[in-house]
Amino acid sequence: MMGDAESSPMKRMRVKGGFPPEETRAGLRASSRLAPTALKTAWSSDAVTAHLPRDNPGEPADVFCIRFSPDDALVAAGCGDGIVRIYNADDGGLVSSLCDERLILPTTCLRFRPQGSSAATKNVLVEANSDGTVKHWHVPSAKCLHTITEENNQVYALDYDVDGGRLATAGRDCHIRVYDDVTKQVALTLASSLDRAPSFPGETVHSGHSNRIFGLRFGVQRDMLLSGGWDNTVQLWDVRTQAATLSIFGPHVCGDALDLMGNYILTGSWRPADQLQLWDIRTSGLVCTFPWPSQGRGSEPCQVYAAQFSRHDQGGTVVAGGSGANEVRAFSVATRKAVAALTLPKGVYGLDLSCDGRRIAAAAGDHHVRVLEMP
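Residues numbered from 1 in each chain as written. Predicted model: local features only at pLDDT ≥ 70, side-chain atom pairs only at ≥ 80, totals over all residues. Heavy atoms only, no water.

### Some thoughts on the sheet that holds strand β5 (residues 84-88)
Sheets are built from strands that pair by backbone hydrogen bonding, the pairs being arranged parallel or antiparallel. What counts, and what does not: When DSSP finds two or more bridges between a pair of strands, those strands are recorded as paired. The helix and strand labels rest on DSSP assignments: H or I over at least four residues marks a helix, E over at least two residues marks a strand, and numbering proceeds from the N terminus. Lines fitted to C-alpha atoms define the axes, with helix axes restricted to the stretch in contact, and inter-axis angles between N-to-C directions lie between 0 and 180 degrees.
With antiparallel pairing, the four strands of this open sheet are ordered in space as β3-β4-β5-β6. Two strands bound the open sheet, and with one partner strand each, they are β3 (63-68) and β6 (94-98). Direction aside, the axes of adjacent strands within the sheet are offset by 20° on average. By the bridge criterion, four bridges tie β5 to β6 in an arrangement that is antiparallel. Residue pairing across strands places Ile 86 opposite Ser 96, the latter belonging to β6.

### What to know about the nonpolar core
Side chains of nonpolar character tend, in soluble globular proteins, to be buried together. Cut-off, in case you're wondering: Residues grouped as a nonpolar core are buried Ala, Val, Leu, Ile, Met, Phe, Trp, Tyr and Cys residues, joined through side-chain atoms within 4.5 Å. Each residue gets one of three labels from its accessible area relative to the maximum for its type: buried under 20%, exposed over 50%, partly exposed in between, using a 1.4 Å probe on protein chains only. Between two residues, a contact is recorded if the distance between any of their heavy atoms is within 4.5 Å.
Ranked by size, the top nonpolar core spans 33 residues in total, and within it Ile 265, Leu 276, Phe 290 and Val 318 carry the most contacts. Listed by contribution, the elements that provide at least two residues to this core are β16 (224-229), β17 (233-238), β18 (243-249), β19 (258-261), β20 (264-268), β21 (276-280), β23 (302-309) and β24 (317-324). At four residues, β23 tops the list of elements feeding residues into this core. Every residue in contact with Val 318, bar those within four places of it in the chain, is listed here: Leu 266, Leu 276, Phe 290, Gln 308, Phe 309, Arg 329, Ala 330, Phe 331 and Val 333. In terms of nonpolar packing, the next biggest core, distinct from the first, is built from 16 residues, Val 328, Ala 330, Leu 342 and Leu 351 among them.

### Examining the pattern of salt bridges
In plain terms, the rule: Salt bridges are counted wherever a side-chain nitrogen of Lys or Arg sits within 4 Å of a carboxyl oxygen of Asp or Glu.
This structure, assessed with the given rule, holds 22 salt bridges. Between Glu 327 and Arg 329 there is a salt bridge, with the nearest N and O atoms lying 3.4 Å from each other. Neither Glu 327 nor Arg 329 differs from the other in exposure class; each is buried.

### Examining the packing of aromatic side chains
Worth spelling out the cut-off: The aromatic pairing rule takes the rings of Phe, Tyr and Trp, using the six-membered ring of Trp, and pairs them if the centres are within 6.5 Å, calling planes under 30 degrees apart stacked, those over 60 edge-to-face and the rest tilted.
Going through the model one piece at a time under the given rule, you end up with eight aromatic pairs. Taking the centre distance of 5.3 Å and the plane angle of 55° together, the rings of Phe 290 and Phe 331 count as tilted. Separated by 41 residues along the polypeptide, Phe 290 in the loop between β22 (285-289) and β23 and Phe 331 in strand β25 (residues 327-332) bring together distant segments of the chain. Take Phe 290: its relative accessible area is 1%, and that puts it in the buried class. The exposure class assigned to Phe 331 is buried, which follows from its relative accessible area of 0%. An aromatic cluster is defined as three or more aromatic residues linked by ring pairs; in this entry it consists of Phe 64, Trp 270, Tyr 305 and Tyr 349.

### A word on the environment of Arg 271
To be explicit about the condition: In the analysis that follows, any N or O atom pair within 3.5 Å is treated as a polar contact, provided that within protein one partner can donate a hydrogen and the other can accept it, and provided that, for residues neighboring in sequence, both atoms belong to side chains.
As for its position among the elements, Arg 271 is in the loop between β20 and β21. Using a relative accessible area of 19% as the deciding quantity, one classes Arg 271 as buried. Sequence spacing of Arg 271 and Pro 251 is 20 residues, and the spatial spacing of their C-alpha atoms is 9.1 Å. Among residues more than four places away in sequence, those in contact with Arg 271 are Gly 250, Pro 251, His 252, Gln 277, Cys 302 and Gln 303. A polar atom in the side chain of Arg 271 sits 3.1 Å from the backbone oxygen of Ala 273. In terms of polar contacts, Arg 271 uses its side chain to reach the backbone carbonyl oxygen of Asp 274, at 3.0 Å.

### Regarding the side chain of Thr 317
Locating Thr 317 in the fold gives a position in strand β24. Residue Thr 317 is classed as buried on the basis of its relative accessible area of 12%. With near-sequence residues (within four places) excluded, Thr 317 lies in contact with Gln 308, Phe 309, Ser 310, Ala 330, Phe 331, Val 333 and Met 374.

So yeah, pure geometry; function would need other evidence.
Okay, here's the thing in structure tokens:
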């Protein structure tokens, strides 16, 4: 790990918010021996739309990313055929399909624009694609409102700031672009480490990525932005200075597997050990590694593609999923214990926890969209 939170510009960005207290070591050892409860499947639907795409009618697609709408009424699923399918969150019925027939590469990330956004148009879903496009969709009408094209890039990650005024994107070219969501123009670029000079005299924290970026997350404070990817670093940026205030070496982020809650960072890594970890912003230190024993298919480890904190209880729960063992797991942060789990037929590429914390939406490689019930 690199960087000292107390000697860097992080001193100007102190975060608010508490976190569940830690249990004693003896309590953690005892609780880790208990088997997690099985997650129940509320519904499962094929990722298929009749007559779409036209050259491959009725064929189901792998599901790479997934998101509940802000009111938990809909589930949006981004698929390998470039189509975003919208489902009723209660029964799994297909509501609509958002499709640009020119797009044939996979959809990689989804975000609903925050409800608190001052934009006149509501119910907007933003889609990142492997062809370098970022599309704004009006979900009720299934119309594409705007397309941003990042030339010579593949976009793997995106996120809105807390008020929906700015949208950050990142991908293959190692740059992070922050857009004004009204003008759809780039407001600033957080450059790759390969293409940047120090942002201010005396800068000591490593800034910028040297390989593909797969995870982005804005903090509750609108100037905090978290990023991670294939270069095994997670960086916390102050977008005002366009420099990283904290850099953590270790996590290998390959999907939507970064999150922020209060003073804590959650990372999910696509690797066979130390897959799910909690870090303290104030010290840049590792708080814990959640125990995830190999089991399931031939005792394979679960290599994590997706991870996030719960919002309804201020991060009291962590959910994560991945490939290998093809598991979805929910953990108590207070005890570090897996409280619920489910093994799927194929890898888990994306997850989202509903706002009320009762359901997990899962994107998987078996062409299915699922909603699971928390115990």
